[in-house]
Amino acid sequence: MKTRVITAVVALAIFIPLIIFGSWPLTIAALVLGIVAVGEITTMKKMFVTSFPALISFLGVILLILPQNWLKFLPHGINRLEAFYVLVILLLLYTVFDINKFSFDDVGVLTLGMLYVGFGFNAFIAARAVNFQTLLYGMLVVWITDSGAYIFGRQFGKHKLAPRVSPNKTWEGSICGSLSAVVICAIYLKFFPVGYSWPMMVLWTLVLSICGQFGDLIESSLKRHYGVKDSGKILPGHGGILDRFDSMLIVMPLMQLIGII
């Protein structure tokens, strides 16, 4: 527990100034986090991070994370998704030259991983580009949901939510986590309006909170599939980047999809 608290304090001391300042430092931080997150996926797949598929995956996630105004290096007439598709083709070609070790299934995992991580951190940067209060709103939805689910689940949890995927999560914790997010964010939105009207945003908070919990379960399912406890070890006591940003990787793109970002 002591290690977990120390890691959280250090991480927040670094992370909070970055989200307050925004701009290029936050973009660089998002790129680093995205690369590490994809590296965690390749490691779970038992691929070397210096292998050709891993390096292509790093390039792909960078391409997806970068804001549009950072993509001027692309040849004229080539957009982000077209360039990304070229990288996927390179991965497909690699299956021809390393048929015994790298398969079509591996290409699918890496492509999905790049999209999952890339769009998540791209939306994170886009939220800060709108303004600080929009990004903070999205993070509060995730943080309050997680904290509420943990606290109330420990106190009142009796009915397992998804025992085969995440045995410690309960329906009681899940419901209380979402209700906590709705209450706290409703107060926040009164002082710092974001997106649509206040009643509509309260409703969207509930939707985002529930979807964020699905993000947590998705990442838990991924770990179960590969038989690992944590996605990585970069954050002592907390696991990896995917462990800490799993809900955000779902919530932020959804905020973009519904027009809050």
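If you're wondering where the values come from, they're calculated on a predicted model, not measured in any experiment. (Residues numbered from 1 in each chain as written. Predicted model: local features only at pLDDT ≥ 70, side-chain atom pairs only at ≥ 80, totals over all residues. Heavy atoms only, no water.)

Student: Help me understand the nonpolar core, please; the structure alone is not making it clear to me.
Tutor: The nonpolar side chains of soluble globular proteins are, as a tendency, buried together. With 64 residues, the main nonpolar core has Val117, Phe121, Phe124, Tyr137, Leu208 and Met252 as its most contacted residues. Per element, the largest residue contribution to this core is ten residues, and it comes from helix H5 (residues 104-130). For Met252, the contacting residues outside a window of four places in its chain are Gly120, Ala123, Phe124, Ala127, Leu135, Gly138, Met139 and Ile261. (Core = buried A, V, L, I, M, F, W, Y, C linked by side-chain atoms within 4.5 Å. Buried < 20%, exposed > 50% of the residue type's maximum accessible area, 1.4 Å probe, protein only. Helix = DSSP H or I, 4+ residues; strand = E, 2+ residues; numbered from the N terminus. Contact = heavy atoms within 4.5 Å.)

Student: Can you walk me through the packing of H5 against helix H6 (residues 132-156) in this structure?
Tutor: How two helices sit against one another is set out by the angle between their axes and by the gap between those axes. Two elements in contact, H5 and H6, have axes whose closest approach is 5 Å; the angle formed by their N-to-C orientations is 135 degrees. For the element pair H5 / H6, the angle class is oblique. Note on element contacts: H6 touches H5 through Phe132, Thr134, Leu135 and Met139, opposite Phe124, Ala127, Arg128 and Val130. When the residues that make up the contact of H5 with H6 are grouped by side-chain class, the tally is six nonpolar, one polar and one charged. (Axes fitted to C-alpha atoms, helices over the stretch in contact; angles between N-to-C directions. Parallel < 35°, antiparallel > 145°, perpendicular 65-115°, else oblique. Nonpolar A, V, L, I, M, F, W, Y, C, P; charged D, E, K, R; others polar.)

Student: Explain the environment of Trp143 here, please?
Tutor: Residue placement: Trp143 occurs in helix H6. On a C-alpha basis, the gap between Trp143 and Ser247 in space is 9.1 Å, while along the polypeptide they are 104 residues apart.

Student: When you look at the pattern of salt bridges in this model, what are you seeing that I'm missing?
Tutor: Where charged atoms from two side chains of opposite charge approach closely, those side chains can pair. Taken as a whole, this structure holds five salt bridges when the rule is applied. Of the charged contacts in the structure, one is a salt bridge between Asp230 and Lys229, with a shortest N-O distance of 3.9 Å. Judged by its relative accessible area of 30%, Asp230 is partly exposed. Each of Glu219, Lys223 and Asp243 takes part in a single network of salt bridges with overlapping partners. (Salt bridge = Lys/Arg side-chain N within 4 Å of Asp/Glu carboxyl O.)

Student: Quick question: what am I supposed to make of the environment of Ala83 here?
Tutor: Mapped onto the fold, Ala83 is located in helix H4 (residues 80-97). Look at Ala83 and you get buried, because its relative accessible area is 14%.

Student: I keep staring at the packing of aromatic side chains and nothing clicks. Help me out?
Tutor: Any aromatic ring pair is given by two values, namely how distant the centres are and how the planes are angled relative to each other. As enumerated under the stated definition, the model contains seven aromatic pairs in all. Ring geometry for Phe15 and Phe245: centres 6.1 Å apart, planes at 75 degrees, overall edge-to-face. Here Phe245 lies in helix H9 (residues 241-245) and Phe15 lies in helix H1 (residues 2-21), a separation of 230 residues in the sequence. What makes Phe15 buried here is its relative accessible area of 13%. Ring plane angle 50 degrees and centroid distance 5.5 Å describe the contact between Phe121 and Phe245, whose orientation is recorded as tilted. In this pair, Phe121 sits in helix H5 while Phe245 sits in helix H9, placing the two residues 124 residues apart along the sequence. (Phe/Tyr/Trp six-rings, centres within 6.5 Å; stacked < 30°, edge-to-face > 60°.)

Student: How should the state of the cysteines be read in this particular structure?
Tutor: Enumeration over the complete set of coordinates arrives at zero disulfides. Counting only cysteine sulfurs, Cys211 is the nearest neighbor of Cys185, a cysteine outside any disulfide, at a range of 14 Å. (Disulfide = S-S within 2.5 Å.)

Student: Can you help me understand the pairing of strand E2 (residues 166-170) in this one?
Tutor: Moving residue by residue along a regular strand, the side chains alternate between the two faces of the sheet. Two elements, strand E1 (residues 160-162) and E2, share two bridges in a ladder whose sense is antiparallel. Note that in E2 the partner of Lys160 across the bridge is Thr170. From the end of E1 to the start of E2, which pair antiparallel, there are three residues. (Pairing = 2+ DSSP bridges.)

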